[in-house]
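# What the coordinates show
Listed here are the chains, written in short residue letters.
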Amino acid sequence: MIDAPLTAVSFAPLAVALPIFGAALAFILRRKRRTQATVTISILIITLCLEAWMLAMVWGGGTYSVTLGGWAPPFGISMVVDGFSAFMLVVSSIVSLAVLLYATSQGMADGDEDGPVSVFHPAYLILVAGVSNAFLAGDLFNLYVGFEILLTASYVLLTLGGTTARIRAGTTYVVVSVASSLLFLIAIGMIYAAVGTVNMADLAAKLPDISPGTQTVLHVMLLVAFGIKAAVFPLSFWLPDSYPTAPAPVTAVFAGLLTKVGVYAIIRTETLLFPGNQLSAPLMVLAGLTMLVGILGAVAQTDIKRMLSFTLTSHIGFLIFGVAVGNQLGLGATIYYVAHHIVVQTSLFLVAGLIERRAGTSNIDRLGSLAKLSPLLSLLFFIPAMNLGGIPPFSGFLGKLGLVQGGAEMGGPLAWTLVAVSLLTSLLTLLTVARVWNRAFWRKAEDAVDPDPLLLVGANGTGGGTYDIVADEPASRYSDRGNTALLPKGMLAMTAALVLVGVALTVFAGPLFEFSDQVAGELMDQSNYIEAVLGTSEGHTR
Amino acid sequence: MSTNITLLIVMGVLFAVGFYLLLERSLTRVLLGIVVLGNGVNLLLLSAGGRRGQAPLYEESLAAEDYTDPLPQALILTAIVITFAVTAFMLAMIYRSWVISRADVVTDDLEDLRVSQQSTFDFEEDSPVPEDTTEFDGDVDLDLVPVKKPKGKGPRA
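Residues numbered from 1 in each chain as written. Chains lettered and ligands numbered in written order. Predicted model: local features only at pLDDT ≥ 70, side-chain atom pairs only at ≥ 80, totals over all residues. Heavy atoms only, no water.

Looking now at the overall build of chain A. A tally of helices and strands in chain A yields 23 helices and two strands. A compact globule built from 542 residues would reach a C-alpha radius of gyration of about 24 Å, and chain A, at 23 Å, matches this within 12%. Over its C-alpha atoms, taken along the principal directions, chain A stretches across nearly 85 × 55 × 40 Å. Across the 542 residues in chain A, those meeting the buried criterion constitute 64%. Contacts in chain A between residues at least 24 apart in sequence constitute 81% of all its contacts with a sequence separation of at least 6. Summed over its atoms, the accessible surface of chain A is roughly 18100 Å², and 67% of this surface lies on carbon and sulfur atoms. Counting 26 positive and 31 negative side-chain charges, chain A places the centres of these two groups 9 Å from one another. (Helix = DSSP H or I, 4+ residues; strand = E, 2+ residues; numbered from the N terminus. Rg over C-alpha atoms; globule rule 2.2 N^0.38 Å. Buried < 20%, exposed > 50% of the residue type's maximum accessible area, 1.4 Å probe, protein only. Contact = heavy atoms within 4.5 Å. Areas by Shrake-Rupley, 256 points an atom, 1.4 Å probe, with all protein chains shown as cover. Lys, Arg positive; Asp, Glu negative; His and termini not counted. Charge placed at Lys NZ, Arg CZ, Asp CG, Glu CD.)

Written out as structure tokens, the structure is:
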């Protein structure tokens, strides 16, 4: 394995090393904002190309591993590239690149007024490094380290600027994340005590030998730790509490990536470490509750960002549903749905950021006239919103269709209940986004409760007439800006790009579904993974 | 695998104290809880390595099981560094919270309170539709209206 020929996969560690190197560079360049932005963006583009190359290599199937430092597995650290991890890497890098460009454009438009943004770029790169590390990790402890890297970076990003609201939100987030990490670490300690290894391939080979009771304990501990990170009910309370206060690009990238890393870890646990769907029934119940409780929370919200945070947790339920179903159809649909959800949820949060800029608030009670003021913005909201609601022919519909088919194939009262719950959740999602559409975009701003002067001025063309008095008092942070500063071209362009990626997921659904189905097949046969890391399908014998 | 019972008891105490402190409202205590818990987890990792043996330096005469397992110690080292970073960050956050609001307690989310107290009546969606405000008022040609005039006040009234 050490003398393996040089292939795309040999460069897998660079997907982690490059962003960290870039973070150091960006930190040195913190006084030169433009250079810093250029460095960050180019590092991310290089990483994306590298990951696309890896994806191209595993597109036809196959699992490869890289051994770091030449230590033979299971003693050394290995990184594993298979269809699933490469796919997740590429999707996450596309999203993080788009959000970074959005944030940079926002920074360029705003100048230096928004506080210590010089730490944004380094922290962002470290976040990307952590996410890549978690996706590539071939052993549990490296997965833990990956989680910690991304979490620490996310603490910094979430409390950016250190305002009262952000510190308050950050407290909940940090404490919950630390608690989940400690639980994960406890689980690792237990697993090491029981099995004597932390290498995932080695674990997969050896875990079946220990007693079923111990297996269940370890299984549940891992699921609880990952469940907090993935925001599965009842461990999801922290998410809608902490996400909305962060700056729009930060919320967007968190919504896209962080919970999905948790879902990724759950999928690995369920397919590689503890295959056989032993906990399928409890997972199904939790999936159903995640969907329902999340979406009912979303219905009650008036703030777009909070509403989106609730739909985010609600749709994690769909992913858990697919994992719990556990057949190839369900798992394949889950993989497709993860990609769809990352892209769509991130674009919606970016749009929410734009709405907040344009209208001075993201509270739907105070919004109105946006369809008239900015048709492009409403289009950018409309497409991902319909996508999220699962309207055909969008990718949300296709993903849900796959999940429902998976559930139907599984059969049984529980699976059918879950199918019904998922359809109900889709309807309620549609209701929440339709409410935002009706209020923020469709109705007249005059009908809103205490609308921002920005909306009234724009809606009446010149800003003259009855609203002169209101317009003279700039009530919001952005009201002293011209129209171009309200909606910078770069931010619009990046949101549009991400919406287009979402549409591309629909257009290329055929090959993508084929790919995710094949990946699901690979995931369900552990021997691929074990063989790739350890060289034999029996595992390492002591 | 044999374990050290004293270490286990200490670990249990650390976990109990840590989780208790974690549930406090004062951030400083939460931080202490995290530190204590972190040490409890480190002890757990240490016990996971099995019983004590010779230093893990290769020696021909020694059988494999006589060495101390070095891996948990490497894991602990990493865990300590991570806890250290998190502690530093939390201290900075507590200090910031103190500077801003002269308090280190976790406050309730205002938006949460607002949502929980909002009325179930939504003005826009739940208010009765006024009868007389049709937009076609005035320009409706009465001759073209179907002869439902007599009972026209029925459903809408």
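Having put the structure on the table, let's press on.
As a further point, take the overall build of chain B. Scanning chain B from terminus to terminus reveals five helices and zero strands. For chain B, the succession of helices and strands along the chain, N to C, is α-α-α-α-α. Within chain B, the fraction of its 157 residues that count as buried is 26%. Of the roughly 11400 Å² of accessible surface on chain B, 63% is carried by carbon and sulfur atoms.

Further remarks concern the packing of aromatic side chains. A complete count under the given rule lists 25 aromatic pairs over all chains for this structure. Taking 5.9 Å as the distance between ring centres and 85° as the angle between the ring planes, the aromatic pair formed by F147 of chain A and F184 of chain A counts as edge-to-face. Of this pair, F147 of chain A sits in helix α5 (residues 140–158) while F184 of chain A sits in helix α6 (residues 164–195), and the two are 37 residues apart along the sequence. Taken as a pair, F147 of chain A and F184 of chain A share a single burial class, namely buried. Seen from their ring centres, F184 of chain A and F226 of chain A are 4.9 Å apart, and the 70° between their planes marks the pair as edge-to-face. In this pair, F184 of chain A sits in helix α6 while F226 of chain A sits in helix α8 (residues 212–230), placing the two residues 42 residues apart along the sequence. Overall, the relative accessible area of 0% leaves F184 of chain A in the buried class. Taken together, Y155, Y173, W238, Y243 and F254 of chain A together with F89 of chain B form an aromatic cluster joined through their ring pairs. The side chain of K229 of chain A reaches across the aromatic face of F147 of chain A, ending 4.8 Å from its centre. (Phe/Tyr/Trp six-rings, centres within 6.5 Å; stacked < 30°, edge-to-face > 60°. Lys NZ or Arg CZ within 6 Å of the ring centre and 35° of its normal.)

What follows deals with the interface of chain A and chain B. At the junction of the two partners, chain A supplies 35 residues and chain B supplies 39 residues. Between chain A and chain B, roughly 3200 Å² of surface is buried when both sides are summed, and carbon and sulfur atoms account for 71% of that area. Inspection of the chain A/chain B interface yields zero salt bridges. Between the two partners, chain A and chain B, sit one residue pair in polar contact (both at pLDDT 80 or more). Secondary structure elements with two or more residues in the side of chain A that touches chain B: α5, α6 and α17 (413–442) of chain A. (Buried area = accessible area lost by both parts, 1.4 Å probe. Salt bridge = Lys/Arg side-chain N within 4 Å of Asp/Glu carboxyl O. Polar contact = N/O pair within 3.5 Å; in protein donor to acceptor, adjacent residues only side chain to side chain.)

When pLDDT is averaged across chain A, the result is 83; 91% of the residues are at 70 or more. Throughout residues 537–542 of chain A the model reports pLDDT below 50, and contacts reaching past four residues in sequence, or to other chains, amount to 15 contacts. (pLDDT = per-residue confidence, 0-100.)

Along the chain, T171 of chain A turns up in helix α6. Sequence-distant contacts of T171 of chain A, that is, excluding residues within four places in its chain, are made with L27, M93 and V106 of chain B.

The side chains of a regular strand alternate, first on one face of the sheet and then on the other. Residues and elements named next belong to chain A. Alternating residues of strand β2 (residues 78–81) divide into S78 and V80 and M79 and V81, and every residue in both groups is buried. Looking at chain direction, strand β1 (residues 64–67) and β2 are connected through four bridges and run antiparallel. Looking across to β2, one finds that S65 is bridged to V80. (Pairing = 2+ DSSP bridges.)

This part is about a nonpolar patch on the surface. Residues I5, L8, I9, V13 and V17 of chain B make up a contiguous nonpolar surface patch of about 430 Å² in total accessible area. Structurally, V17 of chain B is set in helix α1 (residues 5–22). (Patch = residues over 30% accessible without salt bridge, like charges linked within 9 Å, V, L, I, M, F, W, Y side chains within 5 Å.)

Looking now at the environment of A187 of chain A. Its place among the elements puts A187 of chain A in helix α6. Filtering out sequence-adjacent residues up to four positions away, A187 of chain A remains in contact with M221 and L222 of chain A.

For the rest of this paragraph, the subject is the packing of helix α15 (residues 375–389) of chain A against helix α21 (residues 489–507) of chain A. Residue and element names in this part refer to chain A. Between α15 and α21, whose axes approach to 10 Å, the crossing angle comes to 30°. When the axis of α15 is compared with that of α21, the two are roughly parallel. Between α15 and α21 lies a crossing of left-handed hand. Side by side, α15 and α21 meet where L376, L380, I383, P384 and N387 of the first sit next to L492, T495, A496, V499, G502 and V503 of the second. (Axes fitted to C-alpha atoms, helices over the stretch in contact; angles between N-to-C directions. Parallel < 35°, antiparallel > 145°, perpendicular 65-115°, else oblique. Left-handed = near helix turned anticlockwise from the far one by under 90°.)

Turning our attention to the side chain of H341 of chain A. Residue and element names in this part refer to chain A. Mapped onto the secondary structure, H341 falls in helix α13 (residues 328–359). Classification of H341 as buried rests on a relative accessible area of 0%. Not counting residues up to four positions away in its chain, the partners in contact with H341 are K260, L312, H315, T346 and L388.

A few words now on α21 of chain A. Look at α21 of chain A: 26 Å from first C-alpha to last across 19 residues, which is about the 27 Å you get at 1.5 Å a residue. For α21 of chain A, the full list of buried residues reads M491, L492, M494, T495, L498, V499, G502, L505 and T506 of chain A. (Expected span 1.5 Å × (residues − 1).)

In this section: the nonpolar core. Core analysis: the largest hydrophobic core is formed by 218 residues, its most contacted members being L140, F184 and F254 of chain A. The contacts of L140 of chain A, once residues within four sequence positions are left out, are F184, I188, I191, V198, M200, L203 and L273 of chain A. (Core = buried A, V, L, I, M, F, W, Y, C linked by side-chain atoms within 4.5 Å.)

What follows covers unusual backbone geometry. All names here are of chain A. F233 connects to P234 through a cis peptide bond whose omega is 0°. You can see P234 is positioned in the loop between α8 and α9 (238–242). Between P392 and P393 the backbone carries a cis peptide bond, its omega angle lying at 5°. Of note, P393 is situated in the loop between α15 and α16 (395–410). For A231, which is not glycine, the phi torsion reads 60° and is therefore positive.

The full count for this structure, using the stated rule, is five salt bridges over all chains. Here K305 of chain A ties to E356 of chain A by a salt bridge, and the two come within 3.3 Å at their closest N and O atoms. Within this pair, whereas K305 of chain A is found in helix α12 (residues 304–325), its partner E356 of chain A is found in helix α13, the two being separated by 51 residues in sequence. R29 of chain B is paired through a salt bridge with E24 of chain B; the nearest N and O atoms lie 3.4 Å apart. Judged by relative accessible area, which is 43%, R29 of chain B ranks as partly exposed. In this structure E24 of chain B comes out as partly exposed when scored by relative accessible area, which is 23%.

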